Amino acid sequence: MKKAPEKNNEMLREYDFSRGVRGKYAQRYARGSNVVVLEPDVAKVFPNAEAVNSSLRGLAEIIRRRKSLAEK
């Protein structure tokens, strides 16, 4: 049976966490989030998460209305 190679757990010297904040995003992570990667052409239209969410909410409302009209 072969031995598993040892892992080097040491940090590289160029990593500098001296100004890091422990737990900075812990609450947001605990709430849960979805990461979506936008294509560059789409990202040009939406400057931030608020713009994306607002647009998707508007689209979702249109879809809901069309579904309810189709069911009548």
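In what follows, the accompanying structure is described.

The rules behind these values
Residues numbered from 1 in each chain as written. Predicted model: local features only at pLDDT ≥ 70, side-chain atom pairs only at ≥ 80, totals over all residues. Heavy atoms only, no water. Helix = DSSP H or I, 4+ residues; strand = E, 2+ residues; numbered from the N terminus. Buried < 20%, exposed > 50% of the residue type's maximum accessible area, 1.4 Å probe, protein only. Areas by Shrake-Rupley, 256 points an atom, 1.4 Å probe, with all protein chains shown as cover. Lys, Arg positive; Asp, Glu negative; His and termini not counted. Charge placed at Lys NZ, Arg CZ, Asp CG, Glu CD. Salt bridge = Lys/Arg side-chain N within 4 Å of Asp/Glu carboxyl O. Expected span 1.5 Å × (residues − 1). Polar contact = N/O pair within 3.5 Å; in protein donor to acceptor, adjacent residues only side chain to side chain. 1 Å grid on protein atoms, 1.4 Å probe; cavity = no way out; pocket = protein on both sides within 12 Å on 5 of 7 lines; lining within 4 Å. Points joined across faces, edges and corners; volume = space filled by probe spheres on them. Nonpolar A, V, L, I, M, F, W, Y, C, P; charged D, E, K, R; others polar. Patch = residues over 30% accessible without salt bridge, like charges linked within 9 Å, V, L, I, M, F, W, Y side chains within 5 Å.

Here the focus is the overall build of the protein. Across its full length, the protein carries three helices and zero strands. In sequence order, the secondary structure elements of the protein are arranged as α-α-α. On the principal axes, the C-alpha backbone points of the protein span a range of 65 × 40 × 30 Å. Within the span of the protein, comprising 72 residues, buried residues form 1% of the whole. As presented, the protein carries roughly 8300 Å² of accessible surface, and 53% of it is formed by carbon and sulfur atoms. Charge separation in the protein, taken as the distance between the mean sites of 16 positive and 9 negative side-chain charges, equals 5 Å.

Time to look at the pattern of salt bridges. Applying the stated criterion to the full structure yields two salt bridges. Residues E61 and R64 are paired through a salt bridge, measuring 3.2 Å at the closest nitrogen-oxygen approach. Within this pair, E61 and its partner R64 are both found in helix α3 (residues 49–71), separated by three residues, close to a single helical turn. A relative accessible area of 31% means that E61 is categorised as partly exposed. Where R65 meets E61, a salt bridge forms, and the shortest distance between an N and an O atom there is 3.3 Å. Of the two residues, R65 and E61 are both situated in helix α3; the distance of four residues between them amounts to about one turn of the helix.

Here the focus is the environment of R19. Turning to its location among the elements, R19 is positioned in the segment before α1 (26–31). Its relative accessible area of 80% is what places R19 among the exposed residues.

Within an α-helix, residues lying three or four positions from one another point in the same direction, as the helix has 3.6 residues per turn. With 23 residues, α3 should cover 33 Å at 1.5 Å per step; its first-to-last C-alpha distance of 33 Å lies within 8% of that length. At the N-terminal boundary of α3, the capping side chain belongs to N48, with an oxygen 3.2 Å from the backbone nitrogen of E50.

Attention now moves to the layout of surface pockets. Here the largest pocket defines a volume of roughly 220 Å³. Lining the largest pocket, in full, are N34, V36, L38, A49, V52, N53 and L56. Residue composition of the lining of the largest pocket, by class: five nonpolar, two polar and no charged.

The next point concerns a nonpolar patch on the surface. A cluster of nonpolar side chains, namely M11, L12, Y15 and F17, defines an oily patch on the protein surface of about 470 Å² accessible area. By secondary structure assignment, the location of F17 is in the segment before α1. By relative accessible area, F17 is classed as exposed at 60%.

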